[in-house]
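# Reading the structure
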Amino acid sequence: MKKLKRYRFFLILLLGLLLIAFMNQTIAAKTVQLTGKNILDMLILLPPVFILVGLLDQWVKKETLIRYMGEKSGIIGVLFTLLLATVAAGPLYIAFPIAVLLLRKGASVRYIVFFLGAWSTVKLPVLVYEFTSFGPKFTLIHICFGLVFYYLTGILFEKMYSQQKLLKYDTTIGK
């Protein structure tokens with residue numbers, strides 16, 4: 001029973017696919033084809049990212065990362081995180097292993113949230129596309145509002161995270 005609970009999301013999706021197949025087989029076939037293509041894309045992209053994350057884990061010292069993305073890094077942390085996210089390439093799911101590494105190395109939760117948001121907003125290919133398609137005014141407004149929103153969300157997450165740590169710490173002291 002415990003194994004079924006572990007795979008319940010997959011089983012729900014499989015049940016949904018079977019219902020779609022019962023109603024319209026061509027849509028179900030396209031769904032399976034698209035899912036297979038996405039899984040293949042992930043299998044091609046993720047191994048090099050995991051190798052890169054492993055190398056970064058060995059090459060980048062914890063103290064260095066804390067200096068640039070730690071709690072007290074200030075504007076340097078914002079600029080470093082922004083630079084890291086801007087030069088990034090690939091879909092957002094590639095950013096998550098990198099974010100986990102940064103968090104393990106001592107980066108602030110604020111900068112992790114900001115990094116993930118900036119990854120989706122200010123990558124160079126996205127900037128070029130927006131600038132050519134929508135113009136400089138739209139691009140500037142989109143970037144400014146997005147970055148401010150992600151930074152404020154990061155601060156909120158950091159406060160929630162520190163409160164959870166305090167609550168956990170308080171409950172363990174009483175025992």
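Residues numbered from 1 in each chain as written. Predicted model: local features only at pLDDT ≥ 70, side-chain atom pairs only at ≥ 80, totals over all residues. Heavy atoms only, no water.

### With respect to the side chain of S73
By secondary structure assignment, the location of S73 is in the loop between α4 (62-69) and α5 (74-86). Assessed through its relative accessible area of 7%, S73 is described here as buried. At 2.9 Å, the side chain of S73 and the backbone oxygen of G70 are in polar contact. Non-local contacts of S73, meaning those with residues more than four positions away in its chain, are made with I66, R67, Y68 and Y111. (Helix = DSSP H or I, 4+ residues; strand = E, 2+ residues; numbered from the N terminus. Buried < 20%, exposed > 50% of the residue type's maximum accessible area, 1.4 Å probe, protein only. Polar contact = N/O pair within 3.5 Å; in protein donor to acceptor, adjacent residues only side chain to side chain. Contact = heavy atoms within 4.5 Å.)

### A word on the nonpolar core
By size, the foremost hydrophobic cluster in this structure holds 25 residues, and its most contacted members are I98, L102, F115 and W119. Secondary structure elements with two or more residues in this core: α3 (25-59), α4, α5, α6 (95-104), α7 (109-121) and α9 (136-173). By residue number, the principal contributor to this core is α7, which donates seven residues. W119 has contacts with A85, A88, A89, G90, P91, L92, I94, A95 and I98, leaving out every residue within four places of it along the chain. (Core = buried A, V, L, I, M, F, W, Y, C linked by side-chain atoms within 4.5 Å.)

### A closer look at the domain arrangement of the protein
Segmentation of the protein into domains returns domain 1 (1-45) and domain 2 (60-168). The gap between the C-alpha centroids of domain 1 and domain 2 is 32 Å. (Domains from an automatic or database assignment.)

### Points about a nonpolar patch on the surface
A surface patch of nonpolar side chains, about 600 Å² in accessible area, is lined by L4, Y7, F10, L11, L14 and L18. In terms of residue count, the dominant contributor to the nonpolar patch is helix α2 (residues 8-23) (four residues). Tracing the sequence through the fold places L18 in helix α2. (Patch = residues over 30% accessible without salt bridge, like charges linked within 9 Å, V, L, I, M, F, W, Y side chains within 5 Å. Areas by Shrake-Rupley, 256 points an atom, 1.4 Å probe, with all protein chains shown as cover. Salt bridge = Lys/Arg side-chain N within 4 Å of Asp/Glu carboxyl O.)

### What about the packing of α3 against α6?
Running from N to C, α3 and α6 point in directions that differ by 15°, and their axes come no closer than 10 Å. The orientation of α3 relative to α6 falls into the category roughly parallel. Every pair of crossing elements has a handedness; the one defined by α3 and α6 is right-handed. Seen from α3, the contacting residues are V49, F50, V53, L56 and D57; seen from α6, they are P97, I98, L101 and R104. Residue composition of the contact of α3 with α6, by class: seven nonpolar, no polar and two charged. (Axes fitted to C-alpha atoms, helices over the stretch in contact; angles between N-to-C directions. Parallel < 35°, antiparallel > 145°, perpendicular 65-115°, else oblique. Left-handed = near helix turned anticlockwise from the far one by under 90°. Nonpolar A, V, L, I, M, F, W, Y, C, P; charged D, E, K, R; others polar.)

### Considering the pattern of salt bridges
Applying the stated criterion to the full structure yields four salt bridges. Here K37 ties to D41 by a salt bridge, and the two come within 3.2 Å at their closest N and O atoms. One end of the pair is K37 and the other is D41, both in helix α3 and four residues apart, which spans about a single turn. Taking the relative accessible area as the measure of exposure, D41 reaches 29% and is therefore partly exposed. Residues participating in the shared-partner salt-bridge network are D57, R104 and K105.

### Remarks on the packing of aromatic side chains
On inspection of all chains with the given rule, the structure shows six aromatic pairs. Following the ring pairs from residue to residue traces out a cluster consisting of Y129, F134 and F138. (Phe/Tyr/Trp six-rings, centres within 6.5 Å; stacked < 30°, edge-to-face > 60°.)

### Regarding the environment of F145
For F145, the location among the structural elements is in helix α9. The class of F145 is exposed, set by a relative accessible area of 62%. A sequence separation of 119 residues divides F145 from T26, and the C-alpha atoms of the two residues are 42 Å apart.

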